[in-house]
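# What the coordinates show
The residues making up each chain are set out below.
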Amino acid sequence: MSRLNVSLPGLDLKNPIMPASGCFGFGDEYSKYYDLSLLGAIMVKATTITMRYGNPTPRVAETPSGMLNAIGLQNPGLEEVMRNQLPALEKWDVPIIANVAGSSVEDYVRVCEKIGDAPNVKAIELNISCPNVKEGGIAFGTSAGIAKELTMAAKSVAKVPVYVKLSPNVTSIVPIAKAVEAGGADGITMINTLLGMRLDLKTRQPILANGTGGLSGPGIKPVAIRMIHEVSRAVDIPIIGMGGVVTVDDVLEMFLAGASAVAVGTMNFTDPFICPTLIDELPKRMDELGIESLETLIREVREAR
Amino acid sequence: MLQEMMTVVNQKEIAPDIFEMTLSGELVKEMTKPGQFIHIRIPRSDLLMRRPISLAEIDHSNHTCKIIYRTDGEGTTVLSQLKQNDLLDVLGPLGNGFEIEMVAPGDVVYVIGGGIGIPPLYQLGKELFAKGATIYFLNGFASKEVVYYEEEFKKLGELFIATDDGSCSIKGHVGNLMEEIVLQTKTPKAVFACGPSGLLRSVEERFDNHPHVYLSMEERMACGIGACYACVCPSKKDPAKNKKVCDEGPIFKSGEVII
């Protein structure tokens, strides 16, 4: 067993690094540039029951050490994802985490029911936290009761473990985390983007056509670390941490906060080779910090809390 | 697509706030089509988003390429401060580039550009010139003081300029210019355009049903390689779907997308 191995429900990861959903398309886009089998896993773009066009443009705006996006869950819909996108990734030795979104409980259930049929989908990431769509998304992630109900509904039909992606756009994240754990979630992924806005001084209008968007990038890392730290002390299910990861030190900081694996988001756009670079650099930094293996580190953090 | 730390060979301001930068590196070998772009990481750690900038010139014999850009934000201002021998993180070449296979020696072609959309048309012009085409360049600028590459374009074909304020050549936008030139010349074999969406729309309308009209689109990008779905534009055939400017463009055939 390698010192980078991490074992999570449904996921035996050869290393803990994976691109975050929405920041890696359906994976194939980056396969032109490196061997995707290097990755611990891939969290593919959100899938909804039917095709979604997404929001009008502009959909992105720069912020200090970050980015706002309002893509609006554009995707070709479940049928097309099952027919083309997921099979295209089968040639790579990498587990897929399918991000599932919807605008009603029924929508989520229908996608969750089917998407685990793809042989490479090893887990579902239930997206109850997208800030960029009017119906669904975040509306499910800001109420503990609804989050629990949706988790239970997804679990009742899913053929693979269900991880729930939490929103940071709440007064307190712990009750939501506890609710999804009580609803049977196998794990938590966190954090989704923070709701933000930028205005154009010349036009006096929002830069994004949607008005608001989701803030990501290194600017949000302290928020992610704080929330992972809080949630990891309140629940027993594992956490895949994300939010502003740029360096191997960020990866290890997420582990110290309580994560058991780490997803990289915005930085894929800045440096498309960021994931293989982090995987390559991680052992050396672990040596320097006296970390024998990641499983040992996870255990130590759990025992210390 | 490759990533390389390219070297700044030269940088100069060719008009107020318009800069020409020459870069050298192995990446130049991959640059094969006019209209492609490179995705530049701004050398300042808080500016995360790369800037897509089209290739103005590709020089395989010297392993160099040129970009021309306007400083209208923090990123391009940082870029304009780079000096000779500085290194720049570049991804590319990206995008599909202009199709010019159908152009034969002696064919009349229109190359139409506006403002900061003009740079990729220079490399295109060089390649069309090498094919023996008769080129009519129709370039629009805001005013005389921001006109650039006048002599360069004149070496490749006939250059017509329009300025918004009338301070140089014809007053008005390129659309007016286009009407005049069309009357003077033969029907073009192909039309290539790059510039603001108003310009692209007027080109598309003027050459409705022409089989070889190619339009270079611009949209805010994040990844530049088709993964983030930021830079989309609606497909004309099926408005419920859209096309990614970075990956499926930036050049689209007339009628392919809604501008």
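Residues numbered from 1 in each chain as written. Chains lettered and ligands numbered in written order. Predicted model: local features only at pLDDT ≥ 70, side-chain atom pairs only at ≥ 80, totals over all residues. Heavy atoms only, no water.

## Comments concerning the overall build of chain B
Test applied: Every helix listed is a DSSP run of H or I at least four residues long, and every strand listed is a run of E at least two residues long, numbered separately from the N terminus. Restricting the calculation to C-alpha atoms gives the radius of gyration, and the globule rule supplies 2.2 Å times the number of residues raised to the power 0.38. Throughout, a residue-residue contact means that at least one pair of heavy atoms, one from each residue, lies within 4.5 Å. All accessibility values rest on the Shrake-Rupley procedure with a 1.4 Å probe; residue burial counts only the protein chains present in the view. For the purpose of charge, His is not counted, nor are the chain termini; Lys and Arg are scored as positive and Asp and Glu as negative. Where a charge lies is defined by one atom per residue type: Lys uses NZ, Arg uses CZ, Asp uses CG and Glu uses CD.
Counting its regular elements, chain B contains six helices and 15 strands. Its C-alpha atoms give chain B a radius of gyration of 18 Å, near enough to 18 Å, the size a compact globule of 259 residues would have. Principal axes of the C-alpha set define a box for chain B whose edges measure 50 × 45 × 35 Å. Counting only contacts in chain B whose residues sit at least 6 apart along the sequence, the fraction spanning at least 24 positions is 62%. Only carbon and sulfur atoms are counted for the fraction: they give 48% of the accessible area of chain B, which is about 10,500 Å². Treating the 27 positive side-chain charges of chain B as one cloud and the 35 negative ones as another, the clouds have centres 2 Å apart.

## Notes on helix H5 (residues 174–182) of chain A
All names here are of chain A. Put simply, the test is: Only protein chains enter the accessibility calculation, which uses a 1.4 Å probe; a residue is then buried when its area is under 20% of its type maximum, exposed when over 50%, and partly exposed in between.
Turning to H5, its buried residues number three or more, namely Val174, Ile176, Ala177, Ala179 and Val180. In the core, the buried residues of H5 are packed alongside helix H4 (144–157), strand S9 (162–165), strand S10 (187–190) and helix H6 (221–232). Positive backbone phi, at 100 degrees, marks Gly184, one or two positions downstream of H5.

## What to know about the nonpolar core
Put simply, the rule is: The nonpolar core is taken to be a set of buried Ala, Val, Leu, Ile, Met, Phe, Trp, Tyr and Cys residues, with the residues joined through side-chain atoms within 4.5 Å.
Core analysis: the largest hydrophobic core is formed by 146 residues, its most contacted members being Ile188, Met190 and Ile240 of chain A together with Ile112 and Val203 of chain B. In contact with Ile240 of chain A, not counting residues within four places along its chain, are Leu8, Leu11, Met18, Met43, Ile97, Tyr163, Ile188, Thr189, Met190, Ala261, Val262 and Ala263 of chain A. Ile18, Val103, Tyr122 and Cys168 of chain B belong to the second largest nonpolar core, which has 33 residues in total.

## Notes on the interface of chain A and chain B
Selection rule: Using a 1.4 Å probe, buried area is obtained as the accessible area two parts lose upon being combined, added over both of them. Salt bridge, as applied in this entry: a Lys or Arg side-chain nitrogen positioned within 4 Å of an Asp or Glu carboxyl oxygen.
Across the boundary between the two partners, chain A contributes 34 residues, which contact 30 residues of chain B. Interface of chain A and chain B: buried area, both sides summed, is about 2,700 Å²; carbon and sulfur atoms make up 59% of it. It is Tyr53, Glu62 and Thr270 of chain A in chain A that bury the most area against chain B; as a group they hold 23% of the surface buried on that side. On inspection of chain A and its partner chain B, the count reaches two salt bridges. Between Glu62 of chain A and Arg51 of chain B there is a salt bridge, and its shortest N-O distance comes to 2.6 Å. Those elements giving two or more residues to the side of chain A that touches chain B turn out to be helix H1 (28–31), strand S5 (60–63), strand S6 (66–69) and helix H8 (267–270) of chain A. By residue number, the principal contributor to the side of chain A that touches chain B is S5 of chain A, which donates four residues.

## Things to note about the pairing of strand S3 (residues 37–41) of chain B
Residue and element names in this part refer to chain B. For clarity, the cut-off: Pairing between two strands is assigned when DSSP locates at least 2 bridges connecting them.
Taken across its five residues, S3 has four buried, putting it largely inside the fold. Alignment of S3 against strand S4 (residues 51–59), held across four bridges, turns out to be antiparallel. Residue His39 lies in a different strand from S4, and its bridge partner there is Pro52. In terms of strand pairing, S3 meets strand S6 (residues 87–94) through four bridges, oriented antiparallel. Following the sheet pairing, Arg41 is matched in S6 by Asp89.

## Some details on the state of the cysteines
Residue and element names in this part refer to chain B. For clarity, the threshold we go by: We call a pair of cysteine sulfur atoms a disulfide when they lie within 2.5 Å.
One pass over the full model with this rule turns up zero disulfides over all chains. Sulfur of Cys228: no disulfide; nearest cysteine sulfur belongs to Cys223 and is 3.7 Å away. With no disulfide of its own, Cys233 lies 8.0 Å from the sulfur of Cys231, the closest cysteine sulfur. Among the residues examined, Cys233 registers a relative accessible area of 4% and is labelled buried.

## Focus: the sheet that holds S5 of chain A
Residue and element names in this part refer to chain A. Stated precisely, the cut-off is as follows: Lines are fitted to the C-alpha atoms to define the axes, a helix being fitted only along its stretch in contact, and any angle between axes, read from their N-to-C directions, falls within 0 to 180 degrees.
With respect to topology, four strands assemble into an open sheet ordered S5-S6-S12-S11, the strand pairing being antiparallel. Two strands bound the open sheet, and with one partner strand each, they are S5 and strand S11 (194–197). Taken pair by pair, the neighbouring strands of this sheet meet at an average axis angle of 40 degrees, ignoring direction. Here S11 runs beside strand S12 (residues 212–216); their pairing, made up of four bridges, is antiparallel. When the sheet's bridge partners are listed, Leu195 is paired in S12 with Gly214.

## Description of a negative patch on the surface
All names here are of chain B. Selection criterion: A patch consists of residues whose relative accessible area exceeds 30% and which take part in no salt bridge; residues with like charges are grouped when within 9 Å of each other, and nonpolar side chains (Val, Leu, Ile, Met, Phe, Trp, Tyr) when within 5 Å.
Where like charges cluster on the molecular surface, the negative patch consists of Glu13, Asp17, Glu145, Asp164 and Asp165. The residue Glu13 is located in strand S1 (residues 2–15) in this model. Its relative accessible area of 47% is what places Glu13 among the partly exposed residues.

In short, the description is geometric, and any link to function would need to be established separately.
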